[in-house]
Amino acid sequence: MSLAFHTTQSTFSDPGELAHLYTGLPRDPAQLACITRDLLIHRMEGELFGHTHPADRLHNDAETRYTDDILRILVARNDAPLDQRREVGDRFVGTCRDFALLHVSLLRHAGVPARVRVGFADYFGSDGFHVDHVVTEYWDDGRGWLLADAELADPLLTDHWKPGFDPMDVPRDRFLVAGEAWRAIREDGADPETFGLHPPEQGPFWGERYVCGNIRLDLAALNKVETLLWDVWGDAEGEPGDPLPEPARLFYDRVAPVVSGTISFDAVRTLFAEDDVLRTPRTVTCYAPFNGPSRVTLR
């Protein structure tokens, strides 16, 4: 049941009327990661590629929630087949979430079970900080669920970051899904200041409040609701950096094991369906980094 669920498209990953663009693409996860990498560029990668993103693309591309809309933007800039590497100026200017979502969309179309996972990576630097990140989790018939980072599927990126592993098999101690990050803090004494969008000296987006926000996003993604990373709902409304009250800590102590380790399909489906705090509502608050907050009704 779980594999079948993760082989079908979600509202967010569905290419819709542009599914024909996927015709003839390979089934191999690594090849699909390379195709994804060659269509997208991260908002923060301009300098690495010697490119300055136009302001409208920098501000607006990554506000695109749905794969069919991502594909429309790509085709409008260059209508070549998707397996043709795009010049940097023709690429979609996104975030890690967009790399993972497009990769998952391609995998599901090819019949490979796949899902988006939200958590923290330690391989974008050498200072021990675990940065907010999103990757693909895909099913390998011989080994089960593997983590893949399509954002690294280019020698330029692996040469720059030197992660020391195959991007199609990310070690689970190098990328901690959000539930594992929470347990590392609460059960193993990890420093909450080493988890977030950036270290504390750069702003308030770190620590327990940030990690539990990613738990919510990861649970939603496991249920094929792959929202933007800055879509917020329920009790997550609050000032970044504010300490979590103890009842909230105890609540996420109970939630974290459900979304970490060996995932129980029934458990994540039940938790998402029955908990009004965790379940994504039809309308969310979007705290867009460049465009400011707004209320958005999802498809």
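That block above? That's the structure.
The text that follows walks through the structure, step by step, so that each part is easy to find. Only a predicted model underlies this, so the values are computations on that prediction, with no experimental measurement involved.

**Quick notes on the pattern of salt bridges**
Following the criterion strictly, the structure yields 25 salt bridges and no others. Here Arg77 makes a salt bridge to Asp61, at a shortest N to O gap of 2.8 Å. With Arg77 in helix H4 (residues 67-77) and Asp61 in the loop between helix H3 (55-60) and H4, this pair connects stretches of sequence that are 16 residues apart. With a shortest N-O distance of 2.7 Å, Arg72 and Asp69 are connected by a salt bridge. Of this pair, Arg72 and Asp69 are both found in helix H4, three residues apart, which corresponds to roughly one turn of the helix. Overlapping salt bridges, with partners in common, bring together Glu17, Asp68, Asp69, Arg72 and Arg299 in one network.

**Some thoughts on the nonpolar core**
Counting 73 residues, the largest nonpolar core has Tyr138, Trp182, Ile215 and Tyr252 as its most contacted members. Ranked by residues supplied to this core, first place goes to helix H8 (residues 207-222) with nine residues.

**Some remarks on the sheet that holds strand S8 (residues 231-232)**
Overall, antiparallel pairing links the three strands, which are arranged S8-S9-S10 in an open sheet. Whereas interior strands pair on both sides, the edge strands pair on one side only; in this sheet they are S8 and strand S10 (292-297). Here strand S9 (residues 283-288) pairs with S10 via six bridges, running antiparallel. Note that in S10 the partner of Tyr287 across the bridge is Pro293.

Analysis parameters
- Residues numbered from 1 in each chain as written.
- Predicted model: local features only at pLDDT ≥ 70, side-chain atom pairs only at ≥ 80, totals over all residues.
- Heavy atoms only, no water.
- Salt bridge = Lys/Arg side-chain N within 4 Å of Asp/Glu carboxyl O.
- Helix = DSSP H or I, 4+ residues; strand = E, 2+ residues; numbered from the N terminus.
- Core = buried A, V, L, I, M, F, W, Y, C linked by side-chain atoms within 4.5 Å.
- Buried < 20%, exposed > 50% of the residue type's maximum accessible area, 1.4 Å probe, protein only.
- Pairing = 2+ DSSP bridges.

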